[in-house]
Amino acid sequence: MWPPNLSLGNPQTCVKLACLRPRFQSTASGLPYHVLRNARGSLPLYSDIRNAGTRYQIQVRNIEGDANALLRDLRATLFPPGSPESDILRGKVIRSKHIVLQGPGRGWKENVADWLRARGF
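Residues numbered from 1 in each chain as written. Predicted model: local features only at pLDDT ≥ 70, side-chain atom pairs only at ≥ 80, totals over all residues. Heavy atoms only, no water.

> Can you explain helix α4 (residues 109–118)? Please cite residues and give values.
In an α-helix there are 3.6 residues to a turn, and that puts residues three or four apart on one side. If you check which residues of α4 are buried, you get V112, A113, W115 and L116. One side of α4 holds all its buried residues, which, seen down the axis, span an arc of 160 degrees. Residues of α4 that are buried make contact with β1 (33–35), β2 (45–50), β3 (55–60), α2 (67–77) and β6 (98–102). After α4 finishes, the residue G120 shows a positive phi value of roughly 90 degrees. (Buried < 20%, exposed > 50% of the residue type's maximum accessible area, 1.4 Å probe, protein only. Helix = DSSP H or I, 4+ residues; strand = E, 2+ residues; numbered from the N terminus. Arc of directions from axis to C-beta. Contact = heavy atoms within 4.5 Å.)

> Got a sec to walk through the environment of L116? Specific residues and values, please.
Topologically, L116 is positioned in helix α4. Sequence-wise, L116 and V35 are 81 residues apart; in three dimensions their C-alpha atoms are separated by 8.2 Å. Contact partners of L116, with chain neighbours within four places excluded, come to V35, L43, L45, L70 and F121.

> Break down the nonpolar core for me, citing the residues and quoting the values.
Counting residues in hydrophobic clusters, the biggest one holds 24 residues, and the most contacted among them are L70, W108, V112 and L116. The element that contributes the greatest number of residues to this core is α2, accounting for 5 residues. Other than its neighbours up to four places away in sequence, L70 contacts Y33, V35, I63, I99, W115 and L116. (Core = buried A, V, L, I, M, F, W, Y, C linked by side-chain atoms within 4.5 Å.)

> Account for α2, naming residues and giving values.
Residues of α2 that are buried include every one of A67, A69, L70, L71 and L74, and no others. Packed against the buried residues of α2 are β1, β4 (63–65), β5 (90–94), β6 and α4. Looking at where α2 begins, the residue whose side-chain oxygen comes 3.2 Å from the main-chain nitrogen of N68 is D66. (Polar contact = N/O pair within 3.5 Å; in protein donor to acceptor, adjacent residues only side chain to side chain.)

Structure (structure tokens):
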């Protein structure tokens, strides 16, 4: 029967509340963010090519927690500091759940995917 009876005196409340826990429990402990996988179990990374191929963007979606902290970590550690790639990398947070990254040409989507996998996402 929906909505469930969630009175605290009910012994079944603990079982019902366990189902209502938030989905984000990061395997990478101590991080203020978590990237949820999509319905197929893949990382939510999407390529967007604009301006006839001159602007290459990567979107990271389904971010739970502090998306600005994820963006700072990506900028600091995705490419070696001082490299041309790290100087070109830009990003912004959209609707507090998505990040759009602009970077060095094509082919660095796998770098972002490897970075996320290395952190347990």
